[in-house]
Amino acid sequence: MTTPEADQSQAPRPEERLERAVRAAEQALIEYEIAVETFRVEVENFARLHEQRLGPLYARIEELDAEIAEAKAARSGDPEDIRRAREARARVLPMPGVDDLLHGWMDGDGLFPEAVAMLTDQPVRPPQRVRPSEEARKLYRELARKAHPDLAQEEAERKRREEFLSRVNAAYARGDEALLGELAAEWAAGPVPPERRPSPAEELYARLEWLAQRKELLTLVARELEDGAIAGMLRLAPDDPDGLLDEIAGRLRADIARREAELASLTARD
């Protein structure tokens, strides 16, 4: 039978309960950061693929719209038609840096051969696909959990982890499974992180407040990603995003065919 004094001595101190709460919050934040970063990479990669595959089709539609407006203006001579034609042409005129924006699909002289091949359904080298493999995802999650800067107590160790994790994030964004494996081996061979020292209650409360602010910031980042057009497209076909792009491309090609027929009809009357 234990005495009240013994029961009191076995009860955890308030600082110990608070420290456990901080550690739990840190681990939860790390898991949340991993989820947000994984989603960001997925959205970024799909956006790149979307632009590579559909960009030339949208460019062709804008060019046809300009040519149709110009043909109508040439036939009617109406000032309003001329204004519309000028506006349509202005939308497709080359701008400074347009090559960078269109990733090599077209320049001031028109579409590149690769884009023409895609528009005419000729064989063309597919755009580079970046989608991290399951093994890359696993390696990334493990490294993010082990090397996260929030697990460091000393400033020097935090900086070391931040530099290392930036390399991990870059490798993951490229889907570089081999490099992630090398980074995992590098971390395993690196210095053993120092053990966490007990912290005063005031520092623990401040840490909890910082973690809450960080989670709020990540929530805003995640919400911005989720509200974007690319994320909306991914939600339409989460299991087959490529099929969705093919479907959109088919509709765009049909729009192009209709515009080409309209333009041919307008120019045939001249």
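Check the entry above for the structure.
Chemist: Can you help me understand a nonpolar patch on the surface in this one?
Modeler: Taken together, the side chains of Leu217, Leu220 and Val221 make up a nonpolar region of the molecular surface, amounting to roughly 240 Å² of accessible area. The residue Leu220 is located in helix 9 (residues 201-227) in this model.

Chemist: Would you explain the packing of aromatic side chains in this entry?
Modeler: A ring pair, where both rings are aromatic, is described by two values, the distance of the centres and the angle of the planes. Enumeration over the complete set of coordinates arrives at 2 aromatic pairs. On the basis of an interplanar angle of 10 degrees and a centroid distance of 4.2 Å, the ring pair of Tyr140 and Tyr172 is categorised as stacked. Note that Tyr140 is positioned in helix 6 (residues 134-147) and Tyr172 in helix 7 (residues 155-173), a separation of 32 residues in sequence. Like Tyr140, the residue Tyr172 is buried in the burial classification. Taken together, a centroid distance of 5.1 Å and an interplanar angle of 40 degrees make the contact between Phe164 and Trp187 tilted. On the criterion of sequence distance, the pair formed by Phe164 in helix 7 and Trp187 in helix 8 (residues 177-189) is long-range, its members being 23 residues apart. Taking relative accessible area as the criterion, Trp187 reaches 11% and is therefore assigned buried. Over the ring of Tyr32 we find Lys215, and its NZ or CZ is 5.0 Å from the ring centre.

Chemist: Help me out: how do you make sense of the side chain of Glu157 in this one?
Modeler: Relative to the helices and strands, Glu157 is located in helix 7. At 3.1 Å, the side chain of Glu157 and the side chain of Arg160 are in polar contact.

Thresholds applied
- Residues numbered from 1 in each chain as written.
- Predicted model: local features only at pLDDT ≥ 70, side-chain atom pairs only at ≥ 80, totals over all residues.
- Heavy atoms only, no water.
- Patch = residues over 30% accessible without salt bridge, like charges linked within 9 Å, V, L, I, M, F, W, Y side chains within 5 Å.
- Areas by Shrake-Rupley, 256 points an atom, 1.4 Å probe, with all protein chains shown as cover.
- Salt bridge = Lys/Arg side-chain N within 4 Å of Asp/Glu carboxyl O.
- Helix = DSSP H or I, 4+ residues; strand = E, 2+ residues; numbered from the N terminus.
- Phe/Tyr/Trp six-rings, centres within 6.5 Å; stacked < 30°, edge-to-face > 60°.
- Buried < 20%, exposed > 50% of the residue type's maximum accessible area, 1.4 Å probe, protein only.
- Lys NZ or Arg CZ within 6 Å of the ring centre and 35° of its normal.
- Polar contact = N/O pair within 3.5 Å; in protein donor to acceptor, adjacent residues only side chain to side chain.

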